[in-house]
Amino acid sequence: MARQGRGLAITSLICAIAAFFMLILCLVLGANRADNQLIGGIFVFSILSSLLGAVLGIVAVVKTGKDTSPQNSKTMAIVALVINCLYLLIVVVLLTLGALASSH
């Protein structure tokens, strides 16, 4: 029963990092006036990646909470969950700012 949730924690962390990279890619493509549908697709995919990472992070935290080995992955699972939630918060702020800017 050792190392429960380790793979989920790693996958959650990878999803969080990928989401931030995709957001940076969206910003770079937007600055270079790329196709809006391409940017929107990447942006939506980054949100889905972060949502998946958050769900996997929650499951990993629960599973690693049951792991009593000294090398459990609970810290990594919590960090991954926090990063995914931070990304989702940034997305909500950006979408809110975009909606306010377009309404004026």
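Residues numbered from 1 in each chain as written. Predicted model: local features only at pLDDT ≥ 70, side-chain atom pairs only at ≥ 80, totals over all residues. Heavy atoms only, no water.

Whenever I open this one, the nonpolar core confuses me. Can you help?
Soluble globular proteins tend to pack their nonpolar side chains together in the buried interior. Ala19, Met22, Leu23, Cys26, Leu29, Ile39, Ile42, Phe43, Ile47, Tyr87, Leu88 and Val91 together form the largest nonpolar core, which totals 12 residues. Every element with two or more residues in this core is listed here: helix H1 (6-31), helix H2 (36-65) and helix H3 (74-103). Looking at which element gives the most residues to this core, the answer is H1, with five residues. (Core = buried A, V, L, I, M, F, W, Y, C linked by side-chain atoms within 4.5 Å. Buried < 20%, exposed > 50% of the residue type's maximum accessible area, 1.4 Å probe, protein only. Helix = DSSP H or I, 4+ residues; strand = E, 2+ residues; numbered from the N terminus.)

Help me out: how do you make sense of the side chain of asparagine 84 in this one?
By the element assignment, asparagine 84 lies in helix H3. Residue class for asparagine 84 comes out buried when judged on its relative accessible area of 0%. Contacts of asparagine 84, omitting those with residues within four sequence positions, involve Ser12, Cys15, Ala16, Ser49, Ser50, Gly53 and Ala54. (Contact = heavy atoms within 4.5 Å.)

What am I meant to see in unusual backbone geometry here?
Most of the time, phi is negative for any residue but glycine, and the peptide bond is trans. The backbone of arginine 33 sits at a positive phi, close to 55 degrees, despite the residue not being glycine. Mapping arginine 33 onto the fold places it in the loop between H1 and H2.

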